[in-house]
Amino acid sequence: MPVREIALVARAQGLRTHLLTRDTLETLADADDLPAFARRLSRVGASIDPIGDTPDVFAIERAAGRTAHRHLRTLYRWQERARGVLDVFAAHQDRRSLRALLRGAAQGAPMEARLDGLVPTPLLPQRAHAELARQPSPAAVVDQLMLLSHPDAPRLAPLVHTSQPDLLAVEAALLRGFAERATRLAAGTDETLREFVGTLIDIGNVQNALLLSSGPRDVDPMAMFVTGGRYLTARSFRTAATAASEEIALRTLAAALTRSPLASALPVVPGHVAHLDRAFLSDALGRLARAARVEPMSSAALLRVLLLIDAQNRDLRVLAWGAVLGTPPSLRKQQLVTPR
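Note that the coordinates shown come from a computational prediction; the quantities given were computed from them, not determined experimentally.

Criteria and thresholds
Residues numbered from 1 in each chain as written. Predicted model: local features only at pLDDT ≥ 70, side-chain atom pairs only at ≥ 80, totals over all residues. Heavy atoms only, no water. Helix = DSSP H or I, 4+ residues; strand = E, 2+ residues; numbered from the N terminus. Buried < 20%, exposed > 50% of the residue type's maximum accessible area, 1.4 Å probe, protein only. Contact = heavy atoms within 4.5 Å. Expected span 1.5 Å × (residues − 1). Polar contact = N/O pair within 3.5 Å; in protein donor to acceptor, adjacent residues only side chain to side chain. 1 Å grid on protein atoms, 1.4 Å probe; cavity = no way out; pocket = protein on both sides within 12 Å on 5 of 7 lines; lining within 4 Å. Points joined across faces, edges and corners; volume = space filled by probe spheres on them. Nonpolar A, V, L, I, M, F, W, Y, C, P; charged D, E, K, R; others polar. Phe/Tyr/Trp six-rings, centres within 6.5 Å; stacked < 30°, edge-to-face > 60°. Salt bridge = Lys/Arg side-chain N within 4 Å of Asp/Glu carboxyl O. Lys, Arg positive; Asp, Glu negative; His and termini not counted.

Moving on: the overall build of the protein chain. Across its full length, the protein chain holds 16 helices and 0 strands. Principal-axis analysis of the C-alpha atoms gives the protein chain an extent of 55 × 45 × 40 Å. Here the protein chain holds 340 residues, and 54% of them are scored as buried. A sequence separation of at least 24 residues applies to 65% of the contacts in the protein chain between residues at least 6 apart.

Written out as structure tokens, the structure reads:
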């Protein structure tokens, strides 16, 4: 590993000590309501950015997002010219952000809701997220992406400049854009990162197959399949996508992925496709921890820290909303992804 990459991994390992532990998160989960949660969160010191004078749930989400952004900025500064793990992680976050922003625009969601959980990247910084979240329609979001010279804008434009934007096709286009960039970025790295990219493509295909199984029947399923995954074949994708119900599609996918790392993420409850992201994140953290112990200066170690930053951002949002909704503390703790 080049010296500059060793320095980056070492910096990431030091940054990991500033993330909240599982024990701290479980203590936060015991808060009776949002004000109590905000008070407890303020006691963790500099680990989390200040919430501000009005500790509502959106202020807490913004503080969690700023914290994630601060940690990532530190690592980007140490990246220098080395391309690989950080760029793949940024491409993954960009895809997630654009999915949320485009769906939020289609649904007419409030700006705060569209920004929920988004992690800024060099290509889509905070100011770009804010501008995209203000747009009144998916077409306007893509027009703004054109101005930002985002590489996915040309492939998205024909899908949203219609009377009825095709959100299923948008999902496939975003996954295809990620697959192209991430596969290229990971090509010259190690097996750990290449498998991570392939598995993310598999997860995206699984989600799209489930959407098709419960959606319109006049869509060509193979137009939604994205190549580059590791474990889910085109044949299994088609079988799941054309299943009579989402429940049957889940069983088909679980059988097809039995011998893959994704087996533990399936099955999920029908109607809860988003839970796949949580299950994948939890499983990936466990596998990367084992790989990092074997090679502490490998891409596994750096990738795990990046996913821990992602997990903390997610967990703080889950706990904040749990406090607002009065979810039992035991359930809030079950939903945490940060490992012990």
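Once the structure has been displayed, the description carries forward.
Its 20 residues place the ends of helix 10 (residues 167–186) 28 Å apart at the C-alpha level, agreeing with the 28 Å of an ideal helix rising 1.5 Å per residue. Among the 20 residues that make up helix 10, 15 are buried, leaving the element largely enclosed by the rest of the structure. N-cap assignment for helix 10: the residue whose side-chain oxygen lies 3.3 Å from the backbone N of L168 is D166.

For the rest of this paragraph, the subject is empty space enclosed by the protein. Unfilled space is identified by rolling a water-sized probe across the atoms. Within this structure, the stated rule accounts for 1 cavity of 30 Å³ or more. Of the voids in this model, the largest cavity is the one considered here, and its volume is about 30 Å³. Forming the walls of the largest cavity are R99, L102, R103, L167, V170, E171 and L174. When residues of the lining of the largest cavity are traced back to their parent elements, those giving at least two are helix 5 (85–107) and helix 10. Per-element accounting of the lining of the largest cavity gives the leading share, 4 residues, to helix 10. In terms of residue class, the lining of the largest cavity is made up of 4 nonpolar, no polar and 3 charged.

Inspection of the entire model under this criterion finds 3 aromatic pairs. Here the aromatic rings of F58 and W321 are separated by 5.9 Å at their centres, their planes lie at 80°, and the arrangement is edge-to-face. Within this pair, whereas F58 is found in helix 4 (residues 57–79), its partner W321 is found in helix 15 (residues 299–325), the two being separated by 263 residues in sequence. The exposure class of F58 is partly exposed, given its relative accessible area of 27%. Take W321: its relative accessible area is 30%, and that puts it in the partly exposed class. Here the aromatic rings of F225 and F237 are separated by 5.1 Å at their centres, their planes lie at 55°, and the arrangement is tilted. With F225 in the loop between helix 11 (191–213) and helix 12 (234–241) and F237 in helix 12, the pair connects residues that are 12 residues apart, well separated along the chain. Both residues of the pair, F225 and F237, belong to the buried class.

Here we come to helix 7 (residues 126–133). Here helix 7 has its buried residues at A128, H129, A130, L132 and A133. Looking at the buried residues of helix 7, the elements they touch are helix 5, helix 6 (111–114) and helix 8 (138–147).

One pass over the full model with this rule turns up 19 salt bridges. With its nearest N and O atoms 3.1 Å apart, the salt bridge here joins R99 to E171. Remark: E171 occurs in helix 10 and R99 occurs in helix 5; sequence separation between them is 72 residues. R99 gets classed as buried once you look at its relative accessible area, which sits at 18%. Across the salt bridge formed by E191 and R194, the nearest N and O atoms sit 3.5 Å from each other. Here E191 and its partner R194 are both found in helix 11, 3 residues apart, which amounts to about one turn of the helix. Residue E191 is classed as partly exposed on the basis of its relative accessible area, which comes to 39%.

Take the side chain of R95 next. Locating R95 in the fold gives a position in helix 5. The buried charged residue R95 lacks any salt bridge, with E171 as its nearest oppositely charged partner at 4.7 Å. Sequence-distant contacts of R95, that is, excluding residues within four places in its chain, are made with L174, L175, F178, G204 and Q207.

Shape is all these values report; function is a separate question.
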